[in-house]
Amino acid sequence: YKRIASEFPKSKIADRGWFEAGAALESANSLELAATTFKTLGEKFPKSKLNEKAYVRAADAYKKLEDWSNAAQVFELAASKIGKAEKWCYRIRK
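About the criteria used
- Residues numbered from 1 in each chain as written.
- Predicted model: local features only at pLDDT ≥ 70, side-chain atom pairs only at ≥ 80, totals over all residues.
- Heavy atoms only, no water.
- Axes fitted to C-alpha atoms, helices over the stretch in contact; angles between N-to-C directions.
- Helix = DSSP H or I, 4+ residues; strand = E, 2+ residues; numbered from the N terminus.
- Parallel < 35°, antiparallel > 145°, perpendicular 65-115°, else oblique.
- Left-handed = near helix turned anticlockwise from the far one by under 90°.
- Contact = heavy atoms within 4.5 Å.
- Nonpolar A, V, L, I, M, F, W, Y, C, P; charged D, E, K, R; others polar.

Asker: I keep staring at the packing of helix α2 (residues 14-27) against helix α3 (residues 31-44) and nothing clicks. Help me out?
Answerer: The packing of two helices is summarised by the inter-axis angle and the distance between the axes. Look at α2 against α3: their axes get within 8 Å of each other, and the N-to-C directions meet at 165°. Judged by the angle between their axes, α2 and α3 are roughly antiparallel. Helix-helix and strand crossings are classified by hand; for α2 and α3 the assignment is left-handed. Facing α2, whose interface residues are Asp15, Trp18, Phe19, Ala21, Gly22, Ala23, Leu25 and Glu26, α3 presents Leu31, Leu33, Ala34, Thr37, Phe38, Thr40, Leu41 and Lys44. A class-by-class count of the residues in the contact of α2 with α3 yields ten nonpolar, three polar and three charged.

Written out as structure tokens, the structure reads:
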């Protein structure tokens, strides 16, 4: 997945490639690599619909590694994305 995402970064599904690579690494219990991969998705594709989930998965992986500093930092990123989505929904309702 990561190879496809890296070789075709402008593809409509490149963000999905990063997400699936992170999920595969997580399943293989390579939590440090999974966290980095999920975080990379968020950094490379800030407008991706998978961004929020990727940051949460990255933070969870850091939490499992007991890397509290990175977990807190990435949970903050996830919260900022969730906050923007909620604000957007609120504007639509008005």
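Asker: Would you mind showing me how to read the packing of α2 against helix α4 (residues 51-64) here?
Answerer: Contact geometry of α2 with α4 gives a least axis separation of 11 Å together with a crossing angle of 25°. Accordingly, the angle class assigned to the pair α2 and α4 is roughly parallel. In the crossing of α2 with α4, the sense of the turn from one axis to the other is left-handed. Contacts between α2 and α4 pair Phe19, Ala23 and Glu26 from the former with Lys53, Ala54 and Arg57 from the latter. Here the contact of α2 with α4 is built from residues that sort into three nonpolar, no polar and three charged.

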